[in-house]
Amino acid sequence: MLQLNKPSSEINRAIGDVEDPSPQALSTLVGMVRRQLPTILTIVLGCLIVALLYLFTAAPQYSSTASIVIDTRKVQLFQSQSAFGDVAVDSATVETQVEILKSENISLTVIRDLHLIDDPEFAGGSGGLLGAVVGSISGFFSGSQVASEYELTRGALQRFASNRTVRRVGLSYVMEIGFTSHDPQKAARIANAIADAYIVDQLEAKYQATRRASVWLQDRIRELRTQASTAQRAVVDFKTANNIVDTGKGLMNQQQLTEVNTQLISAHTSTAEAKARLDRMNDMLKQEIPDASVADALRNETIVKLRGQYVDMASKEAIWSAKYGADHLAAVNLRKQMAEIKRNITDELKRIQESYKSDYDIALTREEAIKSSLNSLVSESQLTNQAQIQLRELESNAQSYQAMYDNFLQRYMESVQQQSFPITEARVISAATTPLVKSSPKGLIVLAAALLGGLILSLGAAIARELTDKVFRTAAQVEASLGANCIAILPALGDEAGQSMLSGKFSKKAEVLQPNLLRYVVENPLSRFAEAVRSLKVAVDLNSIVRENRVLAITSTLPDEGKSTLSTNLAQLMAHGGSRVILVDSDLRNPSLSRSLVPDAKCGLVDVVAQKMRLEDVLIVDPETQLSILPAGVTSNLLHTNEILASRAMRDLVAMLRSKFDYVVLDMPPMAPVVDVRVTASYVDSYVFVIEWAKTNVDVIMHNLRGAPVIQEKLLGVVLNKADINVLARYESHYGRYDKYYARYGCTE
């Protein structure tokens, strides 16, 4: 079969493969917006109307803000006076103060001081028309019962908390207190009242804490005074009992022991130094000539002078030996003089060694004497060690009690001062003022939010409609889903042509009837509908080039999709063009075409197939188009219509019609309710499948076509019927671009 639209589809797919996906996605989005434009506009307009109603009905709100700061310098100034240990202000402390500002204690204080329970804004509705409506509804459900004072307070507290805002400014120590009200002056007054209540609450909290600390300190001071006095008396009694004399710098035997110990340390140091010098001298005696550093360290002019002479002679000896040899007389004399100098140096070092040894012996004797003295003192002090240990314990205990007593006494004095001079770290740095401009509702923001919300909601609705739109609206959808060509899209006809099919019968009264669906191509030959039907005839003729295509069957999935209307108009268009055409009503279950065109016919297809009548006797010819019509006949008593359409007599009849007419148009029943169409594939050349535009479900169509593969093989194409051209332009933009060209060629709607 010739597939007319396949080359263009393949070209489109090839082009689509080359194109960038981004423009394609943008084109898809634009297409969706164009298709769902009425839905989008309706939802956006509805959101804007709701926003305007809110703006007109909502009461204006005014916000005023006061600022307070936690003064850290004041904390540092008075922190030494605190009786209960203030801590430095940090980030957590500021956040804590924010929560204190939000506490019910502060809110209830402001409500009580300003008598907000009696204020209609806190005891009644929220103001404005919307608030009045909400208040009336809530009052209706709550009844006429009078609320108690507790209920009024809790209600006022709830409204107070909803209108109050407390926040910290960045990472600073500044906190902003805001309040929103219908009255701008009231908003400023309440914001300032919250700040004042917070400062008073802080002062009261510190005063109460200081007072409680003072009471506790008084009791503790009395107890510590008694304990300190008892400990001091115990120290005095112990010294008297053990004859311990304190000179002001400690016990007497302790001072002596300390002095002797100091002397022993000094003597030990002297002995060590003498021993070190003696050992060093012994090491030098083992050397031939002491080096320069040792000679300088000894500070002995004789050794220094002798060593200098030795070095000069050694240098000269090396020079003479190098020039004249080691056996030269001058070199030998120099070596003898060097040996004499060595002996002199050694003698001087031995003399110094004897001096160091004498010093070492004296230091060692002195150290032994001091050790003997120290042992005597130690033995004497052991008799009083136990008493001294107990004395130190008693003195330590007495000092501890005295220190605690002094510390608590100082704290008590500080608490007494703070009771008369309470301080707080918070202070107001910016008082709330009466606002001049309302804070809400802001018209532009509300409208912008409504517009944005409407766009988001409308796009969501549009996407949902697109995803749930399981109908055919475009030729591309037909080709993509069914793999068949969409031959034509027939526009829906207006009310002037949409009269009942019963009014279009070929009778004597047809002259006075208005144009109708079944004769629309004859009465409106230059209409869009007629042009679409012509495109179907062109497709039939082009397909005849490949193979014979004279018997054409028109069917659909469900009833009332317009297959009979298309069959009649196609047949009349062919006949009006001069071809020999016969229209056969093959819908034996529901021959609506016969009832509409020839309601008076008593015989038809059933009688011819049953060989009860001749074809010439039952044919009806339209005098204007010369279209031959074969009605169905009386079918009310038929039970097996599919057997009639599949019979050999039916095939012979179609073969005879094929020989006498140029085109044989069969108006077939729909495929979903009955199986009659499936048995006609043996004598039908091509099938035209009619689908009602934007109504018939895609799944139903695909299910029926998959169940009839023979019909699918002979399917000439699909016709979308009853299309709304104005709506179709949103799905196929090119449909709206050709309107201005129709008039040039005499086409009408």
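These numbers were taken from a predicted model, which means no experiment stands behind them.

I'd like to hear about the packing of aromatic side chains, residue by residue, with values.
Using the criterion set out here, one finds 4 aromatic pairs in the structure. Taking 6.5 Å as the distance between ring centres and 35° as the angle between the ring planes, the aromatic pair formed by Phe122 and Phe160 counts as tilted. A residue pair is termed long-range when its members are at least 10 positions apart, and Phe122 in helix α7 (residues 120–123) and Phe160 in helix α9 (residues 149–163) qualify at 38 residues. Pairing Phe160 with Phe179 gives two aromatic rings, centres 5.1 Å apart and planes at 40°, and the pair type is tilted. Here Phe160, found in helix α9, pairs with Phe179, found in strand β3 (residues 174–181); they are 19 residues apart in sequence, far enough to count as distant. The class of Phe179 is buried, set by a relative accessible area of 1%. One aromatic cluster is present, formed by Phe122, Phe160 and Phe179 through successive ring pairs.

Could you give me a rundown of the environment of Thr568, with the residues and numbers involved?
Note on placement: Thr568 falls in helix α20 (residues 563–576). Residue Thr568 is classed as buried on the basis of its relative accessible area of 0%. As a C-alpha pair, Thr568 and Val665 span 97 residues in sequence and 8.5 Å in three-dimensional space. Not counting residues up to four positions away in its chain, the partners in contact with Thr568 are Leu518, Leu583, Leu593 and Leu597.

Provide a residue-level description of the packing of helix α3 (residues 37–57) against helix α16 (residues 443–468), including the pertinent values.
Packing of α3 against α16 brings their axes to within 8 Å, and their N-to-C directions diverge by 150°. Between α3 and α16, the interaxial angle falls into the category roughly antiparallel. In the packing of α3 onto α16, the handedness of the crossing is right-handed. In terms of residue class, the contact of α3 with α16 is built from 18 nonpolar, 4 polar and 1 charged.

Account for a nonpolar patch on the surface, with residues named and values stated.
On the surface, Val538, Leu542, Ile545 and Val546 cluster together into a nonpolar patch covering about 370 Å² of accessible area. Structurally, Ile545 can be placed in the loop between α19 (528–543) and β6 (551–556). Ile545 sits in the exposed class, given a relative accessible area of 68%.

Go over the sheet that holds β3, please, and point to the residues and values.
Within the open sheet, the 4 strands sit side by side as β2-β3-β1-β4. Their pairing is antiparallel. In this open sheet, the two edge strands, each paired with only one partner strand, are β2 (164–168) and β4 (426–430). Taken over all neighbouring pairs, the strand axes of this sheet differ in orientation by 30° on average, direction set aside. Summarising the sheet, β2 and β3 pair through 5 bridges and their orientation is antiparallel. Paired with Thr165 across the two strands is Gly178, which belongs to β3.

Criteria and cut-off values
- Residues numbered from 1 in each chain as written.
- Predicted model: local features only at pLDDT ≥ 70, side-chain atom pairs only at ≥ 80, totals over all residues.
- Heavy atoms only, no water.
- Phe/Tyr/Trp six-rings, centres within 6.5 Å; stacked < 30°, edge-to-face > 60°.
- Helix = DSSP H or I, 4+ residues; strand = E, 2+ residues; numbered from the N terminus.
- Buried < 20%, exposed > 50% of the residue type's maximum accessible area, 1.4 Å probe, protein only.
- Contact = heavy atoms within 4.5 Å.
- Axes fitted to C-alpha atoms, helices over the stretch in contact; angles between N-to-C directions.
- Parallel < 35°, antiparallel > 145°, perpendicular 65-115°, else oblique.
- Left-handed = near helix turned anticlockwise from the far one by under 90°.
- Nonpolar A, V, L, I, M, F, W, Y, C, P; charged D, E, K, R; others polar.
- Patch = residues over 30% accessible without salt bridge, like charges linked within 9 Å, V, L, I, M, F, W, Y side chains within 5 Å.
- Areas by Shrake-Rupley, 256 points an atom, 1.4 Å probe, with all protein chains shown as cover.
- Salt bridge = Lys/Arg side-chain N within 4 Å of Asp/Glu carboxyl O.
- Pairing = 2+ DSSP bridges.

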